Amino acid sequence: MILSSSSKVGNRDLAICLFTFTGIVPQASAATTNGFTNDYYCGRNWNEANQKCTFPCPSGLDSDCPPDIATGRARRCFASAGCLSKTETLFWTGVVSLEFDSETLLQNTAGASGTNPTNAGVPTSTAANEALGSQEAPLMNNEETQIFENSFLFFLNQALQEKMDVTSVFVDDQAYDRPCVGAVTGKPDGTTSLDMTVSISSEYIPDGFLEYSDDQFGDLIMGSIANESQTLIDDLRDKAPIFEAATGVESTETERLPEPPSDSPSSSPTRGNYQILETYIDSRPTGSYGILFEVKTRPGVGTILVKSLSFITRFEGMVEYEVFTKLGSYAGQHGKFKFFDLIASGRVKGQGPNAFTRVNENDETYNSKTYTGFQSVHIPGDRASRSFYVTIKKVPDGEEQPPILFSYPINEDNEGKPVYEVVTSSPEIEIFEGDGVLEEPFPKDGDSPYYRRPRGFLGVVEYDMAPCFPLVNFTGWPCPYMKLTRSPTPKPTLKPTRNPTGQPTTSPVTEKSSILPTLIINQQESNENAGEANLGSSDAAFVTDELGVNEVPDDLLVNKIDETASNCTCSWRTHPVSICMLFVLVSILRHL
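Residues numbered from 1 in each chain as written. Predicted model: local features only at pLDDT ≥ 70, side-chain atom pairs only at ≥ 80, totals over all residues. Heavy atoms only, no water.

A.B. asks: So what about the overall build of the protein? Which residues, and what values?
C.D. replies: When helices and strands are tallied, the protein shows eight helices and 30 strands. For the protein, the proportion of its 592 residues judged to be buried stands at 44%. Accessible area for the protein stands at about 32,100 Å²; split by element, carbon and sulfur atoms hold 50% of it. (Helix = DSSP H or I, 4+ residues; strand = E, 2+ residues; numbered from the N terminus. Buried < 20%, exposed > 50% of the residue type's maximum accessible area, 1.4 Å probe, protein only. Areas by Shrake-Rupley, 256 points an atom, 1.4 Å probe, with all protein chains shown as cover.)

A.B. asks: Tell me about the pairing of strand β22 (residues 429-432), and please be specific about residues and values.
C.D. replies: Where a strand is regular, its side chains alternate between the two sheet faces. Residues Ile-429 and Ile-431 point to one face of β22 and Glu-430 and Phe-432 to the other, with burial holding for every one of them. Pairing geometry for strand β11 (residues 290-297) and β22, over three bridges, is antiparallel. When the sheet's bridge partners are listed, Lys-296 is paired in β22 with Glu-430. Summarising the sheet, strand β21 (residues 422-425) and β22 pair through three bridges and their orientation is antiparallel. (Pairing = 2+ DSSP bridges.)

A.B. asks: Mind laying out the nonpolar core, listing which residues take part and the relevant values?
C.D. replies: Counting 41 residues, the largest nonpolar core has Leu-98, Phe-148, Phe-152, Ile-200 and Phe-243 as its most contacted members. Residue assignment for this core shows that the elements contributing at least two residues are β5 (88-101), α3 (102-108), α5 (142-159), β6 (165-176), β7 (191-204), α7 (214-237) and β8 (246-253). Setting aside anything within four residues of it in sequence, one finds Phe-152 in contact with Val-96, Val-169, Val-198, Ile-200, Ile-225 and Leu-232. (Core = buried A, V, L, I, M, F, W, Y, C linked by side-chain atoms within 4.5 Å. Contact = heavy atoms within 4.5 Å.)

A.B. asks: Describe α5, with residues and values.
C.D. replies: Compared with the 26 Å implied by 1.5 Å per residue over 18 residues, the 26 Å span of α5 between its first and last C-alpha is a close match. Residues Glu-144, Thr-145, Ile-147, Phe-148, Glu-149, Ser-151, Phe-152, Leu-153, Phe-155, Leu-156 and Asn-157 constitute the buried set of α5. Two or three places before Glu-143, at the start of α5, stands the capping residue Asn-141, its side-chain oxygen 3.1 Å from that residue's backbone nitrogen. (Expected span 1.5 Å × (residues − 1). Polar contact = N/O pair within 3.5 Å; in protein donor to acceptor, adjacent residues only side chain to side chain.)

A.B. asks: Could you give an account of a negative patch on the surface, naming the residues involved and the relevant values?
C.D. replies: Side chains of Asp-214, Asp-215, Asp-219 and Glu-255 sit close together on the surface and give a patch of like negative charge. Relative to the assigned elements, Glu-255 resides in the loop between β8 and β9 (274-278). (Patch = residues over 30% accessible without salt bridge, like charges linked within 9 Å, V, L, I, M, F, W, Y side chains within 5 Å. Salt bridge = Lys/Arg side-chain N within 4 Å of Asp/Glu carboxyl O. Lys, Arg positive; Asp, Glu negative; His and termini not counted. Charge placed at Lys NZ, Arg CZ, Asp CG, Glu CD.)

A.B. asks: Please give an account of the packing of aromatic side chains that cites residues and values.
C.D. replies: A full pass over the atoms with the stated rule returns 11 aromatic pairs. Ring centres 5.2 Å apart and planes at 70 degrees place the aromatic pair Tyr-204 and Tyr-212 in the edge-to-face group. Classification of Tyr-212 as buried rests on a relative accessible area of 16%. Joined through ring pairs, the aromatic side chains of Phe-324, Phe-337, Phe-340, Tyr-389 and Phe-442 make up one cluster. Here the guanidinium or amino end of Lys-296 rests over the ring plane of Phe-432, the centre of that ring lying 4.9 Å away. Against the face of Tyr-366 rests Arg-347, its NZ or CZ located 3.8 Å from the ring centre. (Phe/Tyr/Trp six-rings, centres within 6.5 Å; stacked < 30°, edge-to-face > 60°. Lys NZ or Arg CZ within 6 Å of the ring centre and 35° of its normal.)

A.B. asks: Got a sec to walk through the pattern of salt bridges? Specific residues and values, please.
C.D. replies: The tally for this structure, following the rule as stated, stands at 16 salt bridges. In this structure, Glu-48 and Arg-44 form a salt bridge, with 2.9 Å as the shortest nitrogen-oxygen distance. The exposure class of Arg-44 is partly exposed, given its relative accessible area of 32%. Across the pair Arg-237 and Asp-234 runs a salt bridge whose closest N-O atoms are separated by 4.0 Å. Of this pair, Arg-237 and Asp-234 are both found in helix α7, three residues apart, which corresponds to roughly one turn of the helix. Arg-237 gets classed as partly exposed once you look at its relative accessible area, which sits at 30%. One salt-bridge network, in which partners are shared between bridges, spans Arg-44, Glu-48 and Arg-75.

A.B. asks: Lay out the side chain of Ser-224 in plain terms, naming residues and giving numbers.
C.D. replies: Note on placement: Ser-224 falls in helix α7. Of the polar contacts made by the side chain of Ser-224, one reaches the backbone oxygen of Leu-220; its length is 2.9 Å. Leave out the neighbours within four places in its chain, and Ser-224 touches Phe-155, Ala-159, Leu-160 and Ser-229.

A.B. asks: So what's going on with the side chain of Ser-97? Which residues, and what values?
C.D. replies: Inspection of the secondary structure puts Ser-97 in strand β5. Its relative accessible area of 1% is what places Ser-97 among the buried residues. Engagement of the side chain of Ser-97 in a polar contact is seen with the side chain of Asp-195, the distance being 2.6 Å.

A.B. asks: How would you summarise the environment of Thr-197 if you had to cite specific residues and measurements?
C.D. replies: Among the secondary structure elements, Thr-197 is positioned in strand β7. Thr-197 sits 103 residues away from Gly-94 along the chain, and the two C-alpha atoms are 5.7 Å apart. Residues within four places of Thr-197 in sequence aside, it is in contact with Thr-93, Gly-94, Phe-170, Val-171, Asp-172, Asp-173 and Arg-178. A polar atom in the side chain of Thr-197 sits 2.9 Å from the side chain of Arg-178.

A.B. asks: Quick rundown of α7? Include the residues and the values.
C.D. replies: By the largest-angle criterion, Glu-228 marks the main kink of α7, which is about 80 degrees. Buried-residue contacts for α7 involve β5, α5, β7 and β8. (Bend = angle between axes of the 7 residues up to and from the residue.)

A.B. asks: So, the environment of Gly-290: which residues are in play, and what are the values?
C.D. replies: For Gly-290, the position within the fold is in strand β11. In this structure Gly-290 comes out as buried when scored by relative accessible area, which is 0%. For the pair Gly-290 and Tyr-389, spaced 99 residues apart in sequence, the C-alpha separation works out to 7.1 Å. Among all residues touching Gly-290, those that are not within four sequence positions of it are Val-390, Thr-391, Ile-404, Phe-406, Asp-435, Gly-436 and Val-437.

A.B. asks: Quick rundown of unusual backbone geometry? Include the residues and the values.
C.D. replies: Each neighbour pair has its own omega, and for Arg-453 with Pro-454 the value is -10 degrees, a cis peptide bond. With respect to the secondary-structure elements, Pro-454 resides in strand β24 (residues 451-457). The linkage connecting Trp-477 with the following residue, Pro-478, adopts the cis geometry, with an omega of 0 degrees. As for its placement among the helices and strands, Pro-478 is situated in the loop between β25 (459-464) and β26 (520-521). The phi angle at Asn-367 is positive, at roughly 50 degrees, despite the residue not being glycine. Following the sequence through the fold, Asn-367 ends up in the loop between β16 (364-366) and β17 (369-371). What makes Asn-367 exposed here is its relative accessible area of 65%. Although it is not a glycine, Asp-382 adopts a positive phi angle of roughly 60 degrees. Mapped onto the elements, Asp-382 comes out in the loop between β18 (377-379) and β19 (385-392).

Shown next as structure tokens:
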């Protein structure tokens, strides 16, 4: 992203800090030297080379040795000077800003807007362009990144040659006009800065009087940039068009950059079940055919389900891989395929040392060979473990072997020991160091020279943290079968809600409305043309006429009631209906 020539620093840069920056793009190469690997050092004699260990001569040639300034005497290059065992390693990571004239940079990179001309995988930075609507400029591609790293490495070695040997410079990420950087470095008006996170390592030999810390190493780097940056600019300008517009170099510690405030609530958002755990990308990795390592669940955590893996290759290009696994530790079972299950295999384009290469999800066929898409596997909860063996298949003779990368021991004292540290972790799982495998397939002898331990897996583990949801803390496998049902219906009442009284009530009966017709007792009504029914016999239970059975007319009249309740006579004016049983009940109630 390019800021317009009228852009200002200061308050504007501080204002940009209010927004979260996400436009960082990993890069592809690292510059290294191996001056300490062969233990060649200069001296007037071997004793001086061994005692001072000041000037390495990795070529083994006397011509690489500077003369003694005080006496003018020549120095010679001595092998096995004994300096290697005395060296200490220093590390520093900070932000290095390469400043450009905005308009010149746009002119020099015209036609390359939108994508990188030599590396389509490296996009341009767009945050400033979205804000200002200006033209885009590409980030450094792989070749340009390598040029910068090599030039910066040479520059630092020249600046610090009397103190130490700078062994590597690695650009971790880059972006134009990164928020908050310009406010710290004091970027001039009309300039655009390519802000890079850079990791640098060096080696030196303490002399008993002067020793350096990592912080002091960082101070030496930033001091060299502040005092001699023009030397680096002059060296870069002739090597690529993108550097022709460079005007200066600034640097700062990462810790000095203010952290942009967040608009998000203070409480953590709810995590989804699908999780992705990435390891770091080592700036100084090693590698070979494959790696064995374990993944463990944390105490009290439920079973998780691993859904996919990614790894890192040294080179870009097609690779053929296999992934094996077993429950529990792999200790004592190196090379014993009968204990392992193949859960993935295939061909995939390796993404190189600065990007993760993901295994294929689906089965595939290539040249009549069938490969297995990744099959999900579980890791039981509560401190259980599962071992993985990720390997690259051998290539035909004459072809370059693209090995899998892994890291050196986290604790250097553990070299050669089966002591494994945690490479990275999440709230559910921990990924441990394992054994680097220097042969394919992995040998059965776990103590053979084809293993290096401990070595750290570099890659990604994708997993479902609650495969048995809603049972989030279930630690077994498989998930128990759960049938969802409706709420049970209330059980019927088995006992009466009120106990019956022992004696009939003698209190007056409160008259209530009834669904039956009103009954009128009329003892003077004549019995002429009346139908009769004798309640003393069972035949009198129903009275039938043309209306049907037991239909009660509204004008039913009771003509006579027998006081003994043994017989009664029912009469009607229009339609005969027998409800004499009801009248018996009424008679009983009237005489209580």
